[in-house]
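Next come the chains, spelled out residue by residue.
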Amino acid sequence: MELQNREGQYVPEVTLKQRKGGELVDVQTKDIFANRTVAVFSLPGAYTPTCSSTHLPRYNELAEQLFANGVDEILCLSVNDAFVMEAWGEHQEAEHLTLLADGNGEFTEGMGMLVDKTDLGFGKRSWRYSMVVRNGVIDKMFIEPQKPGDPFEVSDADTMLDYLNPQADRPSFATIISKPGCPHCARAKQALADNRIAYEDISIGNRDITSRSLRAMTGYATVPQVWIDGRHIGGAEDLKAHLEQADAA
């Protein structure tokens, strides 16, 4: 089957499903796409490795940048039922995304993206792709190349953001190791928040994470210890200097 680029065409008018408040809700594509710009990424299945580790999380990470560049909503579609999509979303970083179930494959088939994955025991599923839809019309499609396996080369969130705005900045992300009641840790967290740098806090002192892990990871015994975008920054004063240098640049 040859997958077709459908730029310039309207998206299929079908009814998708979503679980909300414990109820199954019908979502009409004619409503969700009308008079809006919607980013869509479609994938072979919830809980599958690439979908869970990379595809969905990065769209969530770049959601604010996509919204800032004209996107009104980010949809994740899969040929799964709404119960599976709801459960998957609860186990993912997906607070900025709308997960919709194309359980019967009607939307996917209408897009010409329904493929046979019976060799994996999946049945009919979606080929991996993404698109920008403006007022119901497909503005741009990113279709993964037709080759064996599950290629993931062009339907990612960074490629979509580059299409919308090649100069768009990427958000920084930090991890901080801290201790409860530590004033220097509180100061470092506030500095990250003031500079709009999202972070995860690893609190030491419980039975699972101790100061021995801190020394093993950093060679230091003091908190906080901060990493930004894969770089070890150091303590609160090191973070302050790093942020001042970044502002000066």
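In the annotation of an unreviewed UniProt entry, the protein chain is listed under the name Peroxiredoxin (Alkyl hydroperoxide reductase subunit C) and assigned to Kushneria avicenniae.

Tallied over the entire structure, the rule returns 14 salt bridges. Here Arg-134 ties to Asp-139 by a salt bridge, and the two come within 3.5 Å at their closest N and O atoms. Given a relative accessible area of 35%, Arg-134 falls into the partly exposed group. Across the pair Asp-158 and Arg-170 runs a salt bridge whose closest N-O atoms are separated by 3.0 Å. Here Asp-158, found in helix 6 (residues 157–164), pairs with Arg-170, found in the loop between helix 6 and strand 10 (173–178); they are twelve residues apart in sequence, far enough to count as distant.

What follows covers the packing of aromatic side chains. By the definition in use, this model includes four aromatic pairs. Summarising the aromatic geometry, the rings of Tyr-47 and Trp-88 are spaced 6.5 Å apart at their centres and angled 50° between planes, so their arrangement reads as tilted. Of this pair, Tyr-47 sits in the loop between strand 3 (37–43) and helix 2 (49–61) while Trp-88 sits in helix 4 (residues 82–90), and the two are 41 residues apart along the sequence. Its guanidinium or amino end placed over the ring of Phe-122, Arg-125 lies 4.6 Å from that ring's centre, counting from NZ or CZ.

Our next topic: the pairing of strand 8 (residues 129–134). Within strand 8, five of the six residues are buried, which leaves it mostly tucked inside the rest of the structure. Judged from the six bridges that link them, strand 3 and strand 8 form a sheet pairing that is antiparallel. What sits directly across from Thr-37, in strand 8, is Arg-134. Bridge count for strand 8 against strand 9 (residues 137–143) is six bridges, and the pairing is antiparallel. Bridged to Tyr-129 within strand 9 is Ile-143. Linking strand 8 to strand 9, which pair antiparallel, is a turn of two residues; within it Asn-135 sits at a positive phi near 50°.

Cut-off values and rules
- Residues numbered from 1 in each chain as written.
- Predicted model: local features only at pLDDT ≥ 70, side-chain atom pairs only at ≥ 80, totals over all residues.
- Heavy atoms only, no water.
- Salt bridge = Lys/Arg side-chain N within 4 Å of Asp/Glu carboxyl O.
- Buried < 20%, exposed > 50% of the residue type's maximum accessible area, 1.4 Å probe, protein only.
- Helix = DSSP H or I, 4+ residues; strand = E, 2+ residues; numbered from the N terminus.
- Phe/Tyr/Trp six-rings, centres within 6.5 Å; stacked < 30°, edge-to-face > 60°.
- Lys NZ or Arg CZ within 6 Å of the ring centre and 35° of its normal.
- Pairing = 2+ DSSP bridges.

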